[in-house]
Amino acid sequence: MRTLITDEMRAIVGVVMDEATSYPIAASDIRRWALAVYHPEVPPPEFWDEDDPATVAMGGIVAPDEFNPLAWITKEPGPARRSPPEGTHRVGAFEAALGVEPPPFRAVLQGEIRARYGEVRMRPGDVIRATTRITEYAEREGRMGLQLYTTVSEELTNQDGAWVKTVDTVFVRY
Amino acid sequence: MPVDVGAIVPGMELPVFEREGSLLHWVRYAAVNPAHIVGHHFDDDVARSEGFDAAFIMAPLEHAYLHVLLRNWMGRQGRVRRLDIRLRRPLLRGRTLRAGGKVVAVHREGRSVLVTLDVWETDDLGELLAPGTAEVELVADRT
């Protein structure tokens, strides 16, 4: 039976693939995110207006749960170190981060997103740490041929070690 | 107007949320989440080379729109605890996304109300794009 999953790929399931630490979240990061997601509507004030009574009651501006604090640049690794070595720059070549040859593919899509959120919200000043692992491989024949399903799990915690969220994304490579 | 927490029952439907599938929206999202500055979201030719009829929305933005659907319904009295979606087909450029939801279970414990919902996104042709499930927690007197 044809498979794209090698023994080397199986061996990295559950292994930390990437770790990153954000710069302290700025209120303007949250504001821009909320404006982009809510456009053309005005986002709820707790995402942008620190003087709104509801925001004050919540202890200040909070981030939408889906906010990504590591989107543009991370403190660790910094942008120079984040540049992948030659051959690993291709979007979807996850295994390369652990020195494993990725399977051949011509496209990568997201097939599923599963998010879990903790009690703690992200707020201005928080420093968020993300830990990423491949947690599952699966395969299926589809209209584009053999498709490889790769679950990438990203866990976010804050500067106190409190769990913020875990997002599992199932990528489809074909 | 947020939902009346005491009135939440299985079968209750959420107000529909709509967004145009437009580069005007997608460029804004890419500007705050640049990992999604990828050709197939902006260039019809690239999308066609990957088997699609046109450029299409970023998956995390579809996921984010369901958060907005839930937040619009809950107001500040609620939090999303879990939100899972399967991305069956993407919203193509030029179509309109319609997101909806329906309460399937309600569990009350003290002031806390845990609600399980089916959620979904379709386009304006009625094609199912992304079915999913969610769990939210509401507190009646949360400000």
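Once a new chain begins, its residue numbering starts again from 1 and follows that chain's sequence as written. Note on labels: chains are lettered from A, ligands numbered from 1, in written order. Owing to the predicted nature of the model, reporting of local features is limited to residues with pLDDT of at least 70; listing and counting of side-chain atom pairs is limited to 80 or more, with chain, interface and lining totals taken over all residues.

*Asks:* Which residues make up the overall build of chain A, and what values go with them?
*Replies:* Scanning chain A for helices and strands turns up four helices and five strands. Summarising its shape, the C-alpha atoms of chain A cover approximately 60 × 35 × 25 Å along the three principal directions. Counting other C-beta atoms within 10 Å of each residue's C-beta, where C-beta atoms are placed from the backbone, gives the exposure class: buried for 20 or more, exposed for 12 or fewer, partly exposed between. Counting only residues that meet the buried cut, chain A has 32% of its 174 residues in that class. The contact criterion used is a C-beta to C-beta distance within 7 Å, with each C-beta placed from the backbone. The contacts in chain A between residues at least 6 apart in sequence include a share of 67% that link residues at least 24 apart. The helix count covers DSSP runs of H or I at least four residues long, the strand count covers runs of E at least two residues long, and both are numbered beginning at the N terminus.

*Asks:* So, the environment of B:Leu83: which residues are in play, and what are the values?
*Replies:* Its place among the elements puts B:Leu83 in strand 2 (residues 78-86). B:Leu83 sits 62 residues away from B:Gly21 along the chain, and the two C-alpha atoms are 22 Å apart. Apart from the residues lying within four places of it in its own chain, the contact partners of B:Leu83 are A:Ala115, B:His63, B:Leu66, B:His67, B:Gly132 and B:Ala134.

*Asks:* Outline the environment of B:Thr96, supporting the account with residue identities and numerical values.
*Replies:* Residues and elements named next belong to chain B. In this fold, Thr96 is placed in strand 3 (residues 96-109). Assessed through the 14 C-beta atoms surrounding it within 10 Å, Thr96 is described here as partly exposed. A sequence separation of 78 residues divides Thr96 from Glu18, and the C-alpha atoms of the two residues are 6.9 Å apart.

*Asks:* Outline the nonpolar core, supporting the account with residue identities and numerical values.
*Replies:* Any nonpolar core is a set of buried residues, restricted to Ala, Val, Leu, Ile, Met, Phe, Trp, Tyr and Cys, that join up through C-beta atoms within 7 Å. Membership of the largest hydrophobic core comes to 58 residues, with the highest contact counts inside it found for B:Tyr65 and B:Leu69. Element by element, the count of residues in this core is highest for helix 3 (residues 59-74) of chain B, at 10 residues. Discounting chain neighbours no more than four positions away, the residues touching B:Leu69 are B:Leu14, B:Phe17, B:Ala99, B:Gly101 and B:Val119. Residues A:Val108, A:Leu109, A:Val170 and A:Val172 belong to the second largest nonpolar core, which totals five residues.

*Asks:* Give me the interface of chain B and chain A: which residues, what numbers.
*Replies:* Interface size, as often reported, equals the accessible area lost upon joining of the parts. Tallying the contact residues gives 28 residues for chain B and 27 residues for chain A. Breaking the side of chain B that touches chain A down by element, the ones donating at least two residues are helix 1 (23-32), helix 3 and strand 2 of chain B. Here the element with the most residues in the side of chain B that touches chain A is strand 2 of chain B; it accounts for eight residues. For this scheme, ten residues count as nonpolar: Ala, Val, Leu, Ile, Met, Phe, Trp, Tyr, Cys and Pro. Four count as charged, namely Asp, Glu, Lys and Arg, and the remainder, Gly too, count as polar. Along the lines of polarity and charge, the residues of the side of chain B that touches chain A split into 13 nonpolar, six polar and nine charged.

*Asks:* Residues and numbers for the confidence of the model for chain B, please.
*Replies:* Residues with a pLDDT of 70 or more make up 98% of chain B, whose mean pLDDT is 95. Predicted complex, confidence summary: ipTM 0.94, pTM 0.93. Values of pLDDT, the confidence the predictor places in each residue, fall between 0 and 100.

*Asks:* Please provide a residue-by-residue account of the domain arrangement of chain A, values included.
*Replies:* Residues and elements named next belong to chain A. Where each domain begins and ends follows an automated or database-derived domain assignment. For chain A, the assigned domains read domain 1 (7-25 + 78-173) and domain 2 (26-62). Here the C-alpha centre of domain 2 lies 28 Å away from the C-alpha centre of domain 1. Every contact between the two is made by six residues of domain 1 and, on the other side, seven residues of domain 2. Among the residues making up the side of domain 1 that touches domain 2, the classes are represented as four nonpolar, no polar and two charged.

*Asks:* Run through the sheet that holds strand 5 (residues 163-173) of chain A, naming residues and quoting values.
*Replies:* Should DSSP find at least two bridges between two strands, the strands are taken to pair. Read across the open sheet, the 10 strands follow the order 1(A)-3(A)-4(A)-5(A)-2(A)-2(B)-5(B)-4(B)-3(B)-1(B); overall the sheet is antiparallel. The sheet terminates laterally at strand 1 (16-21) of chain A together with strand 1 (17-20) of chain B, the two strands that pair on one side only. The mean inter-strand angle of the sheet, taken between neighbouring strand axes irrespective of direction, is 20°. For helices, the fitted axis covers only the stretch in contact; all axes are lines through C-alpha atoms, and the angles between them, taken along N-to-C directions, range from 0 to 180 degrees. In the packing of helix 3 of chain B onto the sheet, the strands contacted are strand 2 (108-117) of chain A together with strand 1, strand 2, strand 3, strand 4 (112-123) and strand 5 (128-139) of chain B, and the crossing angle to strand 2 of chain B comes to about 145°.

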